[in-house]
Protein chains: 2
Amino acid sequence: MTSLDEKFRTLATDNAPGQEVRHPGDDIDALVIGEILSGAPVDFSHGDVDAFEPSPGSFDCFAQGVQIGGKRAYTEYRGDAGIREALAVRLARFTGAPVAGTDDLIITPGSQGALFLALASTISAGDKVAIVRPDYFANRKLVQFLDGEIVPVRMDYHATNDSAGLDLGELEDAFRAGVKVFVFSNPNNPAGVVYSRTEIDHISRLAGRYGVTVIVDQLYSRLVYSGTTYTHLRAVEGSAHNIITIMGPSKTESLSGYRLGVAFGSPAIITRMEKLQAIVSLRAAGYSQSVLQTWLAEPDGWMEERIRRHQAIRDELHSMLTAVAGVAARLPQAGSYLFARLPALAVSPHDFVRILRYQAKVIVTPGTEFSPDAGNSVRLNFSQDHHAAVNAVGRMMALIERYRV
Amino acid sequence: MTSLDEKFRTLATDNAPGQEVRHPGDDIDALVIGEILSGAPVDFSHGDVDAFEPSPGSFDCFAQGVQIGGKRAYTEYRGDAGIREALAVRLARFTGAPVAGTDDLIITPGSQGALFLALASTISAGDKVAIVRPDYFANRKLVQFLDGEIVPVRMDYHATNDSAGLDLGELEDAFRAGVKVFVFSNPNNPAGVVYSRTEIDHISRLAGRYGVTVIVDQLYSRLVYSGTTYTHLRAVEGSAHNIITIMGPSKTESLSGYRLGVAFGSPAIITRMEKLQAIVSLRAAGYSQSVLQTWLAEPDGWMEERIRRHQAIRDELHSMLTAVAGVAARLPQAGSYLFARLPALAVSPHDFVRILRYQAKVIVTPGTEFSPDAGNSVRLNFSQDHHAAVNAVGRMMALIERYRV
């Protein structure tokens, strides 16, 4: 079983959000300095869906789905036709390019399900796949699971404020070297930066020229802060046909618990994704898909208010952290991730993450999950109770000082 | 993309339950004889969850899960620890062998999710996998997706009434030839037969002797009819450690719409399955996992009543069908599948299935989905409204006579 053993070693979830509970303290006592800091625990590894109300009517829609019963439980594998048709109209409006509900859209178990299905439908063993560094850890792990070959592309998110900082030369080199699929998140997870119009245009042109399939994870593309222009790749003029866009109601809407995602774009790829869904999870998310009826259809002003509250947390945490000597972080342009580079510490960044959890009851995600070059950074999901998050970052700052070299 | 194209061609879902809506009538008019038969449409391709009430309290449990919020949405990838612990006790009682909630159990999106995760965690490209003919179509398709090599093992379910009819000699030949994983459903889907104690003992011994991992899909093992003894492979003395058992609340409990499954057994394999779940669907079924609190914990007599009602439908449909000259079918011992061999007809079995849908509003699943040798059989899921099912089978009988050679 060597080969499978190796593969699953690369799929380690030890540092993944939510898995901390499976790893007891071990040797932490030998590392710590000073006392435990008191305060409400904050888990920045994912958003706190209790901090924000779910979008209005979501539970009622679910309850109606249960009442509908069999017709909602046993839909086409890609999801209920009526829900798809109505949602397609709203997705077309949101992204600025047509979506045909019949053929261009699939409902999946979470946006993670969509990401897996999209990659598994476009990658064979040995295929080259361009992956941004840093980017969402599952991108890399999925390519490893599918026996693809990762071609890293650098994103220098600290170098600029006008773009994400993707190295477009390196991207073209990768495409020229035979990359078949390019997968990336926009806004970038973990850095919270948004690709500029110029970057998206460039990606679109290159994909067309080299025949590369592009999978763009736009999970957080609704949560865009003031002053930022968001460009939907699929709406760029002359964009290649082989584009799959992934979204879903999630932390932004406090609906993660319903486990819903959607993918839309190339009907040929969507058809493959449905065939695969039939054997990996059978059907769209059953009764839960009913909740999509509220999505992108919230009351006027609802989303604006949600953005405003997140922006307030973002601003306060960002200014707290960047006031610490040696800490660097871009101001997130969208989504709820803040990626902070730590100063030199007397313990390894990995141990500092463990110490944070143990001494401050603050959980963050180590940067190595996103890039081998981001070992001294940590990711915070700031979709949290504002007050608790500020206190938690205060404790984190205190521990940075305590462990500073 | 040739290789992926080929792979996805083998994953065709054209004849899969629920997908009929994607295939319009085509050339059906040239085939049909006589008039359309009137009557309520019945979709035997899957159970009708509206025909039987969901188990008591299931919706309330879901609603409580939503109230719990973040702690229920963001559990360990393998599912909420409390739900797992409590369920493990009931699964141990049900199957007759210990289950440790901490390490031996994972909650998945549907039992289909469990099947995929189990196979993807144990099969590498080129590995030999023993598959029973006939058996659930996803077993075969999953092995194809994972680039495994299928080694078919014959089950002569018509030859006996005392066992499933598995060819144990052929199974040992397959194991001797290097099979790494054996996956099978018990009760068998589509034939509705239950493996005898002797067969299960034999499978257990052979798996131990040849070091084969066994994945047993026991989805319908609760719905066992009078006179049948059900043997849980995992409880057989001396059973190998590499066993994964798959179950879930589904049509039996009218809970399919919550998309829940569980897998339990070898902690090493469960750990791999969790790592994989983290990248293919992220987490256990979110709020839905709350519904597991009602499962295997129904009020006294509830399951017995559900079995009694299914047994009544089974008995009536089976005697109707087997009274037709040339039709053969084993009396299902468990589950809700009835697999009927048709007499010689003037149209191909595939066209007869289309004609049934068009002229009788009766949907059945063609036997070729389960075995290349079962082309003249069709599968009926008889978990339906009793009255509607009897009428639908009446129409099917009329069309058999109409198209008989």
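Quick notes on the rules
- Residues numbered from 1 in each chain as written.
- Chains lettered and ligands numbered in written order.
- Predicted model: local features only at pLDDT ≥ 70, side-chain atom pairs only at ≥ 80, totals over all residues.
- Heavy atoms only, no water.
- Helix = DSSP H or I, 4+ residues; strand = E, 2+ residues; numbered from the N terminus.
- Rg over C-alpha atoms; globule rule 2.2 N^0.38 Å.
- Buried < 20%, exposed > 50% of the residue type's maximum accessible area, 1.4 Å probe, protein only.
- Contact = heavy atoms within 4.5 Å.
- Areas by Shrake-Rupley, 256 points an atom, 1.4 Å probe, with all protein chains shown as cover.
- Least-squares fit on C-alpha atoms with pLDDT ≥ 70 in both.
- Core = buried A, V, L, I, M, F, W, Y, C linked by side-chain atoms within 4.5 Å.
- Salt bridge = Lys/Arg side-chain N within 4 Å of Asp/Glu carboxyl O.
- Polar contact = N/O pair within 3.5 Å; in protein donor to acceptor, adjacent residues only side chain to side chain.
- pLDDT = per-residue confidence, 0-100.
- Expected span 1.5 Å × (residues − 1).
- Phe/Tyr/Trp six-rings, centres within 6.5 Å; stacked < 30°, edge-to-face > 60°.
- Pairing = 2+ DSSP bridges.

## Some points on the overall build of chain A
Step number 1: What chain A contains, in helices and strands, is twelve helices and twelve strands.
Step number 2: Here the C-alpha radius of gyration of chain A, 21 Å, is about what a compact globule of 405 residues would show, namely 22 Å.
Step number 3: Considering only C-alpha atoms, chain A reaches an extent of 60 × 50 × 50 Å along its principal axes.
Step number 4: Expressed as a percentage of the 405 residues in chain A, the buried residues total 65%.
Step number 5: Intrachain contacts of chain A at a sequence separation of at least 6 include 76% that bridge at least 24 residues.
Step number 6: Working note: accessible area of chain A is about 13,700 Å², and carbon and sulfur atoms make up 50% of it.

## Some thoughts on the relation of the copies chain A and chain B
Step number 1: Taken as rigid bodies, chain A and chain B are interconverted by a rotation of 180° and an axial shift of 0.0 Å, the fit giving an RMSD of 0.0 Å. Taken together, these values place the two copies in the relation of a two-fold axis. Considering only C-alpha atoms, the residue of chain A closest to the rotation axis is Pro109 of chain A, which sits at 3.8 Å.

## Observations regarding the nonpolar core
Step number 1: Membership of the largest hydrophobic core comes to 134 residues, with the highest contact counts inside it found for Phe116 and Phe182 of chain A together with Phe116 and Phe182 of chain B.
Step number 2: The residues touching Phe182 of chain A, leaving out its near neighbours within four places in the chain, are Ala130, Val132, Leu166, Leu171, Phe175, Ile203, Val212, Thr213, Val214 and Ile215 of chain A.
Step number 3: Of all hydrophobic cores here, the second largest spans 52 residues; its members include Ala285 of chain A together with Val66, Leu105 and Ile107 of chain B.

## A few points about the pattern of salt bridges
Step number 1: Enumeration over the complete set of coordinates arrives at 36 salt bridges over all chains.
Step number 2: Salt-bridge contacts for Arg78 of chain A lead to Glu274 of chain A; the nearest nitrogen and oxygen are separated by 3.0 Å. Placement of the pair is Arg78 of chain A in the loop between α3 (70-73) and α4 (81-95) and Glu274 of chain A in helix α9 (residues 267-280), with a sequence separation of 196 residues.
Step number 3: By relative accessible area, Glu274 of chain A is classed as buried at 3%.
Step number 4: The residue Glu305 of chain B makes a salt bridge to Arg308 of chain B at a minimum N-O spacing of 2.9 Å.

## Here's the deal with the interface of chain A and chain B
Interface size is commonly expressed as the accessible surface area that is lost when the partners come together.
Step number 1: At the junction of the two partners, chain A supplies 72 residues and chain B supplies 72 residues.
Step number 2: Along the contact surface separating chain A from chain B lie two salt bridges.
Step number 3: Put simply, Asp5 of chain A and Arg272 of chain B hold a salt bridge, and the shortest N to O gap is 2.3 Å.
Step number 4: In this structure, the connection of chain A to chain B is made through 16 residue pairs in polar contact (both at pLDDT 80 or more).

## A word on the confidence of the model for chain A
Step number 1: Scored by pLDDT, chain A comes out at a mean of 94, with 97% of its residues at no less than 70.
Step number 2: Complex prediction metrics read pTM 0.95 and ipTM 0.94.

## With respect to helix α8 (residues 197-210) of chain B
All names here are of chain B.
Step number 1: Here α8 is 14 residues long and its end C-alpha atoms lie 20 Å apart, about the 20 Å a rise of 1.5 Å per residue gives.
Step number 2: Residues of α8 that are buried: Glu199, Ile200, Ile203, Ser204, Leu206 and Ala207.
Step number 3: Those residues of α8 that are buried are in contact with α7 (168-176), β5 (181-185) and β6 (213-217).
Step number 4: With its phi angle positive at about 65°, Gly211 sits one or two positions after the end of α8.

## As for the packing of aromatic side chains
Step number 1: Scanning the entire structure with this criterion turns up 35 aromatic pairs over all chains.
Step number 2: With 5.7 Å between their ring centres and 40° between their planes, Phe62 of chain A and Tyr258 of chain A make a pair best called tilted. Taken together, the residues span a long stretch of sequence, with Phe62 of chain A in helix α2 (residues 58-68) and Tyr258 of chain A in the loop between β7 (243-247) and β8 (260-265) at a distance of 196 residues. For the pair Phe62 of chain A and Tyr258 of chain A, one class covers both residues: buried.
Step number 3: Note on Phe175 of chain B and Tyr210 of chain B: the rings are 6.4 Å apart at their centroids and 75° apart in plane angle, and the pair reads as edge-to-face. Taken together, the residues Phe175 of chain B in helix α7 and Tyr210 of chain B in helix α8 connect sequence positions 35 residues apart.

## Some words on the sheet that holds strand β11 (residues 365-366) of chain A
All names here are of chain A.
Step number 1: Read across the sheet, three strands follow the order β9-β12-β11 without closing on themselves; strand pairing throughout is antiparallel. The sheet is open, and its two borders are formed by β9 (337-341) and β11, each paired with just one other strand.
Step number 2: With five bridges joining them, β9 and strand β12 (residues 377-381) adopt antiparallel strand pairing. Paired with Phe339 across the bridge in β12 is Arg379.

## Digging into helix α11 (residues 349-360) of chain A
All names here are of chain A.
Step number 1: Look at α11: 15 Å from first C-alpha to last across twelve residues, which is about the 16 Å you get at 1.5 Å a residue.
Step number 2: By the burial criterion, the buried members of α11 are Asp351, Phe352, Val353, Arg354, Ile355, Leu356, Gln359 and Ala360.
Step number 3: Those residues of α11 that are buried lie in contact with β10 (362-363), β11, β12 and α12 (386-403).
Step number 4: Following α11 by one or two positions, Lys361 has its phi on the positive side, about 55°.

## Remarks on the environment of Ala92 of chain B
Residue and element names in this part refer to chain B.
Step number 1: On the secondary structure map, Ala92 appears in helix α4 (residues 81-95).
Step number 2: Ala92 sits 42 residues away from Asp50 along the chain, and the two C-alpha atoms are 30 Å apart.
Step number 3: Ignoring sequence-local partners within four residues, the contact set of Ala92 consists of Ala97, Pro98 and Val99.

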